[in-house]
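Okay, here's what each chain looks like letter by letter:
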Amino acid sequence: MEALLEDLGQRMADGEINALEAVTLAVEAMENEPLFNAGIGSVLDAAGTVTMDASIMRGEDRAAGAVVNLRTSQHPIRVANHLLKQGWPVMIVGEAADVFGEKQGVQQIDNADFVTELRQAQWEKWNLNTLRPGATDEDDEAALDHDLEDRPGMGTVGAVALDIHGHVAAATSTGGMTGKPDGRVGDTPIIGAGTWADGSVAISCTGVGEAFIRTCAARTMAFHHTSMGLEDAAEAVLDEVAPLGGRGGLIAVDTEGNVVLPFQTMLMYRGKYEAGIVDVAVGPEWERNDGAVSS
Ligand code: ASP
C-alpha cells in the first residue's frame, strides 16, 4: 500500500497521470490483491460464485462509468473507466459488461480464478449458518467484509484523488457482500450512492450497500460539503446512514486538498499521499512513513 501511494502520488505530482487515471490504477492494484474484496479475492455470492460491481466518476465534467455483476473481467474498474471515456451509456450490467470489457482489452479470466481459499472458507461459514435450523435473521444476513473477525479491514476498495490541475476523481470496486442473492446490486456501482465526484469533491463509500443507496450517501455528502465543509459533511452522512443499518465508511478529498477517511466498521485499511508524505492505518490510529503515530 505504501509503495503504491508513493508511486501514484509522485506520478500525479509530476503531472504524468491525472486524478482519473490515478484512482483507476490504485483500484486496479487493489483488485489484484487477494486480501481485498474486489477483483481476485472478491467475496462469494449465495451460489458460491464471484459477481463484481464497480463505478468511477470524473469531477470536472461529472462523466461516469458503472458496471454491475461482472463475472470474468479481471479489472472491473478499468471496464468502468472505458465506459466513462466512451461517454454513453453510464451503466451496463452482466454479461454485456464483460463483453464490453473484453472488447476494450480488459483481461478475462475464469470465474473460479477470482476465488481464494479465504473467501471459500468465509462462504462455507455463511452457508452453514444459513442452513442451521433456528439460525437468527442476523446469522442469515449477508455479511459485511469490513466486520469479519478472521480478516478484518480488507473489504471493498476505493480511491479518490486531487491532481495538479485541481481536478478530482473517485473510484470504487467490490465483490459485494458474502451470500448476496442472485442479481443483488449494492451501492458501489450506483453513481451518487457509492461513488461521486463533481467540481469540488470526490467521494468513495463502503458499507452495507442498501443503506448507502437509500440515503444517496455520496451525493448527499457532496451536497452537505458546500455548506458544512468536508469533515462535518462526512459525519452528517454517516449519521444518516447508520440508523438504516448502514455501518460503513468513506474516503473523500476536495479541491482545497482536504482529506477525510471516517468509518464505523471495526477497522478500515486506508492510506493517503500528500506532498510526499504517506500515511497508512487500519484501526483508529495513523502511522506515517517517518514512523510517527497519530490518532
Ligand atoms: N458496499 C458494498 C456492497 O454493498 C459492500 C462493502 O462495501 O463492503 O456491495
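Rules used throughout
- Here the residue index of a chain counts from 1 through its sequence in written order.
- Owing to the predicted nature of the model, reporting of local features is limited to residues with pLDDT of at least 70; listing and counting of side-chain atom pairs is limited to 80 or more, with chain, interface and lining totals taken over all residues.
- Calculated side-chain values reflect all of the structure's heavy atoms, with hydrogen atoms and water omitted.
- Aromatic rings from Phe, Tyr and Trp, taking only the six-membered ring of Trp, are treated as a pair when their centres fall within 6.5 Å; an angle between ring planes under 30 degrees marks them as stacked, one over 60 as edge-to-face, and anything in between as tilted.
- The numbering of helices and of strands both runs from the N terminus, where a helix is a DSSP run of H or I of at least 4 residues and a strand a run of E of at least 2.
- By nonpolar core we mean a set of buried residues, namely Ala, Val, Leu, Ile, Met, Phe, Trp, Tyr and Cys, connected to one another through side-chain atoms within 4.5 Å.
- Throughout this description, buried means an accessible area under 20% of the type-specific maximum (1.4 Å probe, protein chains only), exposed means over 50%, and partly exposed covers the range between.
- In this analysis, two residues are considered to be in contact whenever any of their non-hydrogen atoms come within 4.5 Å of each other.
- Pairing between two strands requires that DSSP report at least two bridges joining them.
- Geometry is summarised by axes, namely lines fitted to C-alpha atoms with helices restricted to the contacting stretch, and by angles between N-to-C directions that run from 0 to 180 degrees.
- In this scheme, a helix's expected span is set at 1.5 Å multiplied by one less than its residue total.

A. Local environment of the packing of aromatic side chains. Scanning the model with the defined rule gives two aromatic pairs in all. Between the aromatic rings of F36 and Y269, the centroid separation amounts to 5.8 Å while the plane-to-plane angle is 15°, which identifies the pairing as stacked. In this pair, F36 sits in the loop between helix 2 (19–32) and strand 1 (52–58) while Y269 sits in the loop between strand 9 (259–260) and strand 10 (270–274), placing the two residues 233 residues apart along the sequence. Between W123 and W126, the aromatic rings sit 6.2 Å apart at their centres with planes inclined by 40°, giving tilted as the arrangement. In this pair, W123 and W126 are both assigned in helix 5 (residues 117–131), three residues apart and thus about one turn of the helix distant.

B. Up close: the nonpolar core. One finds V23, V27, I56 and V67 to be the most contacted residues of the largest nonpolar core, which totals 40 residues. The element best represented in this core is helix 2, accounting for seven residues. Beyond its immediate sequence surroundings of up to four residues, V23 is in contact with I56, A159, V160, A161, A169, A170 and A171.

C. Layout of the sheet that holds strand 5 (residues 168–174). Pairing in this open sheet of five strands is mixed, and the strands run 3-2-1-5-4 from one edge to the other. Looking at strand neighbours, the two that pair on one side only are strand 3 (91–93) and strand 4 (157–162), the edges of this open sheet. Pairwise comparison of adjacent strand axes, ignoring direction, gives a mean angle of 5° for this sheet. Summarising the sheet, strand 2 (residues 63–70) and strand 3 pair through three bridges and their orientation is parallel. Each bridged residue has a counterpart across the sheet, and for V68 the counterpart in strand 3 is V93. Lying over the sheet, helix 3 (residues 76–86) contacts strand 1, strand 2, strand 3 and strand 5, oriented at roughly 140° with respect to strand 2. Sheet strands touched by helix 4 (residues 94–103): strand 2 and strand 3. Its angle to strand 3, the strand with the most contacts, is close to 110°.

D. Structural view of helix 8 (residues 217–228). For helix 8, which comprises twelve residues, the first-to-last C-alpha distance of 15 Å matches the rise-based estimate of 16 Å (1.5 Å per residue) to within 8%. Every buried residue belonging to helix 8 is among A217, A218, T220, M221, A222, H224 and H225, and all of these are buried. Packing partners of the buried residues in helix 8 comprise strand 6 (195–197), strand 7 (201–207), helix 7 (209–214), helix 9 (230–241), strand 8 (248–254) and strand 9. Immediately downstream of helix 8, the backbone of G229 shows phi near 85°, a positive value.

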